[in-house]
Amino acid sequence: MPLAAMQTKPYKLRIYVKSGIHKGDLKRQEYFSNLNDLDRRYKQLNPKFVDYALNPTAWQLVNGEWLRMFGY
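Note that the structure is a prediction, hence the values are computed from the model and not measured.

Considering the pairing of strand S1 (residues 11-16)
Of all 6 residues making up S1, 5 are buried, and the element is well covered by its neighbours. Across 6 bridges, S1 lies against strand S2 (residues 26-32) in antiparallel orientation. Paired with Leu13 across the strands is Glu30, a residue of S2.

Written out as structure tokens, the structure reads:
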């Protein structure tokens, strides 16, 4: 994603492969303009929190650096 687009969407979810030989690898990233949209999508992706180690992780762009958000 181009830098300009990332700056307009300062939140992202990293979603991981949950099974097969690529289990644990990064599957895709989804970007969000606000925290409410990120929270809504996080709940859609993982309503039961069955496999904590492979849950999506949330990140916030702060001063040009992606920092992991706690609680996700």
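There's plenty left to go through after this.
Observations regarding the environment of Leu13
Mapped onto the secondary structure, Leu13 falls in strand S1. A relative accessible area of 0% places Leu13 in the buried class. Once you skip the residues sitting within four places of it in the chain, Leu13 turns out to touch Arg28, Gln29, Glu30, Phe32, Leu38, Arg41, Tyr42, Leu45, Pro56, Thr57 and Ala58.

Rules behind the numbers
- Residues numbered from 1 in each chain as written.
- Predicted model: local features only at pLDDT ≥ 70, side-chain atom pairs only at ≥ 80, totals over all residues.
- Heavy atoms only, no water.
- Buried < 20%, exposed > 50% of the residue type's maximum accessible area, 1.4 Å probe, protein only.
- Helix = DSSP H or I, 4+ residues; strand = E, 2+ residues; numbered from the N terminus.
- Pairing = 2+ DSSP bridges.
- Contact = heavy atoms within 4.5 Å.

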